[in-house]
Amino acid sequence: MEIWEEQKRTLGPDDAKLILKEKARAKGFDLLGVTSAEPLAEGGERLKEWQEAGMAADMGYMHRPVELLSEPKRLQKSARSVVSLGVSYYPGNHPENDGGGGRVARYAWGKDYHVAIKERLRSLRTELEEALGVRIKARAFTDAVPLLERSAAQHAGLGFFGRNSCLINGNIGSYFFIADLILDLELEPDVHGTGTCGKCARCMVSCPTGAIKAPGVVDARLCISYLTIENRGEIPRELRRAVGDWAFGCDVCQEVCPYNKRKATVSRWPEFSANAGAGQYLKIEEVLSIRTEEEFEKRFEGTPLTRPGRAGLLRNCCVAAGNLGLVEAIPALVDCLREDESPLVRGHAAWALGEIGGAEARTVLREALEKEPDAGSSTEIELALEGLL
Ligand code: B12
Ligand code: SF4
Ligand code: SF4
């Protein structure tokens, strides 16, 4: 132990970083930068304002004290450096939605990134220990631990904050995950990332729900990504039409971004390609027919799509079906309305039937209203029927 401590002291912070950079590149990471473990002051202030404005919605983990999210030393007392890594997940563009599918955001086409990235992060840390001959105390994570990852990554020079609040890198755009290694090793810090959106405001204008309230400020309560992934309740009626065909996440504010149009290059990780997971579109009728948690877990195991849970994903597919006017989905929606154990699913199925319309939808809704035990779902059915008159 003491020998290791001695060796650690003699290491040049630059040498260690070079070795780390080489190894990270070989593991498939596209970006790497270092920042000190000092508090992320500006990010913390912005987070506080965001929380106070209610923009964190019902995400319990985003209501934690600001210090917990903005001070790396709270996560690891001995922390001296935060290594921020970027990995492109860009799997290409969506083909036209000719088959009437539920659209999946690009980051979720393939395997669960938490698992894929963490495996490589762990082996990166081990290889670094071997190369440097020192034992390193580290925390390795992506999107799983309370830390303002975008702020840390901007400090580490990975990019700048776009008006859509995403971190943009001048060479690869914004379709990349951020991963972190908090180390008890002194590494040479990089200069903070710089860049600018210039006069562009395309993301703000294009956001379907108006969720980008000010440059760099996204109100999660309105964001389709929140509504379809983190939200456990209903998708507010007034927002449903704006959700369009998105069944999981949303990419609009990144699709319109000129940095991505020019710079996005396809990920080198096979785990993130469409054929490694759920892919570009969900078959709406197939998802609507999933009745048990076991069936749901089996179908989406190992992908990010398990996050909203069975009822959440069926809710989303109901909304997409309604917005697509998907007549083929009527039988599956009718089954949801009659049989699904979740009032959330029954209520959204009623809404979708109301949107698609037609004599069959009206008959089924009337019949369902007589049997519906849940007050919220009954209201959904009544409103759907009113819209059909
Ligand atoms: C909560 C959360 C969400 C919420 C809220 C998003 C939000 N914008 O706050 C929801 C569910 C909506 C969401 C959606 C998405 N998310 Co998300 N999310 C997170 C999470 C867990 C925390 C984000 C957070 O701290 N929000 C609080 C606000 C206050 O922080 P912020 O928006 O990041 O804003 C920062 C800037 O304002 C910055 N800042 C500091 N100084 C300055 C100065 C200026 C001038 C500006 C403009 C900004 C700025 O400080 C703030 C704090 O860091 C992070 C992981 C993590 N632990 O960090 C992933 C993360 C941000 N998400 C990610 C992704 C991929 C997405 C989606 C693209 C997924 C999708 N396709 O559906 C969308 C993008 C939507 C969007 N435009 O942000 C990636 C982003 C990678 C990147 N290149 O930016 C992250 C980093 C996960 C990861 N490890 O890769 N997400
Ligand atoms: S992810 Fe979609 S809904 Fe959320 S801010 Fe971007 S464009 Fe708006
Ligand atoms: S679309 Fe324009 S304003 Fe929005 S993040 Fe990209 S460059 Fe910035």
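A quick note: this is a predicted structure, and the numbers were derived from the prediction, not measured.

Student: Which parts of the structure should I look at to understand the site of ligand 2?
Tutor: The full set of residues close to ligand 2 is C207, P208, T209, I212, C223, I224, C250, V252 and C253. Grouping the constituent residues of the shell around ligand 2 by class yields eight nonpolar, one polar and no charged.

Student: Help me understand the domain arrangement of the protein, please; the structure alone is not making it clear to me.
Tutor: Interface size is commonly expressed as the accessible area that is lost once the parts come together. By the assigned domains, the protein splits into domain 1 (2-91 + 110-183) and domain 2 (284-389). Contacts between the two partners involve five residues from domain 1, matched on the other side by four residues from domain 2. Taking both partners together, domain 1 and domain 2 bury about 280 Å²; carbon and sulfur atoms supply 55% of that area. Ranking the residues of domain 1 by area buried against domain 2 places Y61, G110 and D112 at the top, with a combined share of 73%. Run the count over domain 1 and domain 2 and you get zero salt bridges. For the interface between domain 1 and domain 2, the tally reads one residue pair in polar contact (both at pLDDT 80 or more). Class assignment for the residues of the side of domain 1 that touches domain 2 results in two nonpolar, one polar and two charged.

Student: What should I look at first to understand the sheet that holds strand 10 (residues 246-248) in this one?
Tutor: Within a beta sheet, neighbouring strands are joined by backbone hydrogen bonds and run either parallel or antiparallel to one another. One open sheet accounts for three strands, arranged 10-3-11; its pairing is mixed. On the outer flanks of this sheet lie strand 10 and strand 11 (281-282), each paired with one strand and no other. Note that strand 3 (residues 102-104) and strand 10 share two bridges and pair parallel. Bridging from a neighbouring strand, V104 pairs with F248 of strand 10. The sheet contacts of helix 15 (residues 309-324) involve strand 10 and strand 11, and relative to strand 10 the element is tilted by about 170°.

Student: Can you help me understand the packing of aromatic side chains in this one?
Tutor: Aromatic ring pairs are defined here through the distance separating the ring centres and the angle between the ring planes. As enumerated under the stated definition, the model contains 13 aromatic pairs in all. Arranged with centres 4.5 Å apart and planes meeting at 40°, the rings of Y89 and F177 form a pair that is tilted. Taken together, the positions of Y89 in the loop between strand 2 (81-88) and strand 3 and F177 in strand 7 (residues 176-183) put the pair 88 residues apart, joining distant regions of the chain. An identical accessibility class is assigned to Y89 and F177; each is buried. Here the aromatic residues F29, Y89, Y90, Y107, Y113, Y175, F177, F248, W269 and F272 are joined through ring pairs into a cluster of three or more.

Student: I'm lost on the sheet that holds strand 1 (residues 31-36) in this one. Help?
Tutor: Spatial ordering of the open sheet is given by 1-2-7-4, a layout of four strands whose pairing is antiparallel. Each edge of the sheet is formed by a strand with only one pairing partner; in this case those strands are strand 1 and strand 4 (138-141). Taking each pair of neighbouring strands and ignoring which way they run, the sheet shows an average axis angle of 20°.

Student: I keep staring at the packing of helix 18 (residues 359-371) against helix 19 (residues 375-388) and nothing clicks. Help me out?
Tutor: The description of two packed helices rests on the angle between their axes and on the distance between the axes. Their axes nearest at 10 Å, the elements helix 18 and helix 19 cross at an angle of 150°. By the criterion of interaxial angle, the relationship of helix 18 to helix 19 is roughly antiparallel. The chirality of how helix 18 crosses helix 19 is left-handed. Seen from helix 18, the contacting residues are A361, R362, L365, R366, A368 and L369; seen from helix 19, they are S378, I381, E382, A384, L385 and L388. Counted by class, the contact of helix 18 with helix 19 contains eight nonpolar, one polar and three charged residues.

Student: Whenever I open this one, a negative patch on the surface confuses me. Can you help?
Tutor: On the surface, E294, E295, E297 and E301 cluster together into a negatively charged patch. Secondary-structure assignment places E297 in helix 14 (residues 293-300). Residue class for E297 comes out partly exposed when judged on its relative accessible area of 41%.

Student: So what exactly am I meant to see when it comes to helix 6 (residues 113-132) here?
Tutor: Counting along an α-helix, one turn takes 3.6 residues, and residues three or four places apart therefore face a common direction. Relative to the 28 Å expected for 20 residues at 1.5 Å per residue, helix 6 spans 28 Å between its end C-alpha atoms, a close match to the ideal helical length. Looking at helix 6, one finds that the buried residues are Y113, A116, I117, L121, L124, L128, E129 and L132.

Student: Sorry, what's going on with the site of ligand 1 here?
Tutor: The environment of ligand 1 is made up of 37 residues, and the closest members are R46, E149, S151, L167 and S225. At a separation of 2.9 Å, a nitrogen atom of ligand 1 approaches a polar backbone atom of L147. Take N164: an N or O atom from its main chain is 2.9 Å from a nitrogen atom of ligand 1. Those elements giving two or more residues to the shell around ligand 1 turn out to be helix 3 (41-52), helix 7 (149-155), strand 7, helix 9 (224-230) and helix 11 (252-255). Ranked by residue count, the leading element in the shell around ligand 1 is helix 3, at five residues. The residue makeup of the shell around ligand 1, split by class, is 20 nonpolar, 10 polar and seven charged.

Student: Is there a simple way to explain the pattern of salt bridges in this structure?
Tutor: Oppositely charged side chains may form a pair once their charged atoms are brought near each other. Enumeration over the complete set of coordinates arrives at 26 salt bridges. R106 serves as the salt-bridge partner of D251, at 2.9 Å between the closest nitrogen and oxygen. With D251 in the loop between strand 10 and helix 11 and R106 in the loop between strand 3 and helix 6, this residue pair connects regions lying 145 residues apart in the sequence. The residues D251 and R106 share a single accessibility class, namely buried. Across the salt bridge formed by R310 and E293, the nearest N and O atoms sit 3.5 Å from each other. Linking R310 in helix 15 with E293 in helix 14, this pair joins segments that are 17 residues apart in sequence. The buried category is assigned to R310, whose relative accessible area is 2%. With relative accessibility at 40%, the residue E293 sits in the partly exposed group.

Student: Could you clarify how one ought to interpret the pairing of strand 2 in this entry?
Tutor: Within a regular beta strand, the side chains point alternately toward one face of the sheet and then the other, so they alternate between its two faces. With respect to burial, strand 2 is a largely interior element, eight of its eight residues being buried. Residues of strand 2 alternate between two faces, with S81, V83, L85 and V87 on one and V82, S84, G86 and S88 on the opposite face, all of them buried. Strand direction decides the pairing type here: strand 1 and strand 2, joined by six bridges, are antiparallel. Along strand 2, the bridge assignment pairs S36 with S81. Pairing of strand 2 with strand 7 involves eight bridges; the strand directions are antiparallel. Paired with S81 across the strands is L183, a residue of strand 7.

So, how was this worked out
- The residue numbering used here restarts from 1 in each chain and proceeds along that chain's sequence as written.
- Chain A is the first chain written and ligand 1 is the first ligand written, with later ones labelled in order.
- For a predicted model such as this one, the threshold for reporting local features is a pLDDT of at least 70, and the threshold for listing and counting side-chain atom pairs is 80 or more; totals across whole chains, interfaces and linings nevertheless cover every residue.
- Working from all heavy atoms in the structure, the side-chain values ignore hydrogens and water.
- The rule for a residue being near a molecule or strand is that one of its heavy atoms must lie within 4 Å of it.
- In this classification, the charged set is Asp, Glu, Lys and Arg, the nonpolar set is Ala, Val, Leu, Ile, Met, Phe, Trp, Tyr, Cys and Pro, and all remaining amino acids, among them Gly, are polar.
- Residue ranges for the domains originate in an automatic or database domain assignment.
- Only heavy atoms matter for contacts: two residues are in contact if any of them lie within 4.5 Å across the pair.
- Buried area: the accessible surface (1.4 Å probe) lost by two parts on joining, summed over both.
- Just to be clear on terms, a salt bridge is a Lys or Arg side-chain nitrogen sitting within 4 Å of an Asp or Glu carboxyl oxygen.
- Pairs of N or O atoms are called polar contacts if they sit within 3.5 Å, as long as, within protein, a hydrogen donor faces a hydrogen acceptor (for residues adjacent in sequence, only side-chain-to-side-chain pairs).
- Two strands form a pair only when DSSP identifies at least two bridges running between them.
- For the purposes of this entry, the term helix denotes a DSSP run of H or I that reaches at least four residues, the term strand denotes a run of E that reaches at least two, and both are numbered from the N terminus.
- Lines fitted to C-alpha atoms define the axes here, with helix axes fitted over just the stretch in contact, and angles between the N-to-C directions of these axes take values from 0 to 180 degrees.
- Only Phe, Tyr and Trp rings take part, Trp by its six-membered ring, and two of them pair if their centres are within 6.5 Å. Stacked means planes under 30 degrees apart, edge-to-face means over 60, and tilted covers everything else.
- To sort residues, take the accessible area from a 1.4 Å probe on protein chains only and compare it with the maximum for the residue type: under 20% means buried, over 50% means exposed, and anything in between is partly exposed.
- Roughly parallel means an angle under 35 degrees; roughly antiparallel means over 145; roughly perpendicular covers 65 to 115; every other angle is labelled oblique.
- Less than a right angle of anticlockwise turn of the near helix away from the far helix marks a crossing as left-handed, whereas a clockwise turn marks it as right-handed.
- Within this analysis, patches are made of residues with over 30% relative accessible area and no salt bridge. Like charges are joined at 9 Å or less; nonpolar side chains (Val, Leu, Ile, Met, Phe, Trp, Tyr) at 5 Å or less.
- Accessible surface is estimated by sampling points in the Shrake-Rupley manner with a 1.4 Å probe; for residues, cover comes only from the protein chains shown.
- Positive: Lys, Arg. Negative: Asp, Glu. His and the chain ends are not part of the count.
- Charge positions come from single atoms, namely NZ of Lys, CZ of Arg, CG of Asp or CD of Glu.
- Between the first and last residue of a helix there are one fewer steps than residues, each counted as 1.5 Å, and that sum is the expected span.

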